[in-house]
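The chain contents come next:
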Amino acid sequence: MEVSLITKKFMTDELVNENIRFKEVLVIGPNGEQLGVMSRREALEKAYEGELDLMCVAPNGNPPVCKILDFGKYRFESQKKAKEAKRNQQVTEVKPLRLSPVIDKHDFDTKLRQAQKWAEEGMKVKVDMRFRGRMITRLEVGKQVMKDFIAQMSEFAGVEKSPSMEGNTMSVVLSPKKGK
């Protein structure tokens, strides 16, 4: 049987069939049995006899390990697993919210409602309070506004990162409660 007549080309950077450039490889059969160390040519012939492909699974081994398998089926299964993993992955979004130490009651309530809505949707909320100009001298006023906001949000979200000062900005991160 002539090997060059039955070549299967895959447009991929993986070590499959003719892309394998090792002189000798350890071959594993389609059912998982070890077939032993063979030359590359013998291994390819063995794979082509069963109308399968030779794929290098451990190129850094000594000798490199290759497995006889249906590469199309293998690639399909791995893509399917990757899609499933991506679908099950949860990405938590962090929504920013900015308060002021001299915020009015109505503005405070509006921002509170927005933060509650985000927490119910399962998003984290990062609340920033920027102190501008002389406001920095009245940190206790800003801390009180932040405490009130956290207290109002306690039903919907818990404090993940407690209030801390970074430059002229006080920040807190609230994460949604699991029961909601």
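Just so you know, these numbers come straight off a predicted model, no measurement behind them.

A separate point is the packing of helix α3 (residues 105-120) against helix α4 (residues 139-153). Closest axis-to-axis distance for the α3/α4 pair is 10 Å, and the angle between their directions is 45°. With respect to their mutual orientation, α3 and α4 come out oblique. Seen along the crossing, α3 lies across α4 with a hand that is right-handed. Only V145, D148, F149, Q152 and M153 of α4 make contact with α3, whose side of the interface consists of F108, K111, L112, A115, Q116 and A119.

For an α-helix, 3.6 residues make a turn, and residues three or four places apart therefore share a direction. When the terminal C-alpha atoms of α3 are compared, their 22 Å separation across 16 residues agrees well with the 22 Å that a helix rising 1.5 Å per residue should span. All of the buried residues along α3 are F108, L112, A115, Q116, W118 and A119. Along the axis of α3, the buried residues cluster in a sector spanning 160°; they form a single face. Of the exposed residues in α3, those oriented more than 90 degrees away from the buried face are H106 and R113. Downstream of α3 by one or two residues, G122 has phi in the positive range, about 90°.

Moving on to the packing of aromatic side chains. A complete count under the given rule lists two aromatic pairs for this structure. Centre to centre, the rings of F108 and F149 are 5.7 Å apart; their planes meet at 90°, and the pair counts as edge-to-face. With F108 in helix α3 and F149 in helix α4, this residue pair connects regions lying 41 residues apart in the sequence. Side by side, F108 and F149 carry an identical accessibility label, which is buried.

On to the pairing of strand β3 (residues 53-58), then. On any regular strand, side chains alternate: one points to one face of the sheet, the next to the other face. Across five bridges, β3 lies against strand β4 (residues 65-69) in antiparallel orientation. Bridge pairing in β4 places C56 opposite C66. Connecting β3 to the next strand, β4, in antiparallel fashion are six residues.

Here we take up the pattern of salt bridges. Per the counting criterion, the structure on display carries seven salt bridges. Between D128 and K126 there is a salt bridge, and its shortest N-O distance comes to 3.9 Å. A relative accessible area of 17% means that D128 is categorised as buried.

An order of β5-β6-β8-β7 is seen for the four strands of this open sheet, with the pairing classed as mixed. Looking at strand neighbours, the two that pair on one side only are β5 (94-99) and β7 (157-166), the edges of this open sheet. Between one strand axis and the next, the sheet turns through 20° on average, direction left out of account. In terms of strand pairing, strand β6 (residues 124-130) meets strand β8 (residues 169-176) through six bridges, oriented antiparallel. Bridge pairing in β8 links R130 to T169. Contacts from α3 reach β5, β6, β7 and β8 within the one sheet, and its direction differs from that of β5 by about 170°. On top of the sheet, α4 reaches β5, β6, β7 and β8; it is set at about 5° to β8, its chief contact.

Scoring rules and cut-offs
- For every chain, the first residue of the written sequence is number 1, and numbering continues from 1 onward in sequence order.
- Whole-chain, interface and lining totals are the exception, using all residues; otherwise, since this is a predicted model, local features are given only for residues with pLDDT of at least 70 and side-chain atom pairs are given and counted only at 80 or more.
- To get the side-chain values, all heavy atoms of the structure are used, and hydrogens and water are removed first.
- Here, axes are lines fitted to C-alpha atoms. For helices the fit covers the stretch in contact, and angles between N-to-C directions go from 0 to 180 degrees.
- Put simply, DSSP marks the helices as runs of H or I at least four residues long and the strands as runs of E at least two long, and each gets a number from the N terminus on.
- Reported orientations rely on four angle classes, namely roughly parallel under 35 degrees, roughly antiparallel over 145, roughly perpendicular from 65 to 115, and oblique for the rest.
- For any helix crossing, the convention is left-handed if the near helix is rotated counterclockwise from the far helix by under a right angle, and right-handed if that rotation is clockwise.
- For this analysis, residues touch if any pair of their heavy atoms sits within 4.5 Å.
- Given the number of residues in a helix, its expected span is that number minus one, multiplied by 1.5 Å.
- Note on exposure labels: buried denotes an accessible area under 20% of the residue type's maximum, exposed denotes more than 50%, and partly exposed covers the range between, all computed with a 1.4 Å probe on protein chains only.
- Arc, as used here, means the arc of the directions from the helix axis to the C-beta atoms.
- Side-chain rings of Phe, Tyr and Trp (the six-membered ring for Trp) are treated as a pair once their centres are within 6.5 Å; stacked means planes under 30 degrees apart, edge-to-face means over 60, and tilted covers the remaining angles.
- We call two strands paired when DSSP finds no fewer than two bridges between them.
- For this document, the term salt bridge refers to a Lys or Arg side-chain nitrogen within 4 Å of an Asp or Glu carboxyl oxygen.

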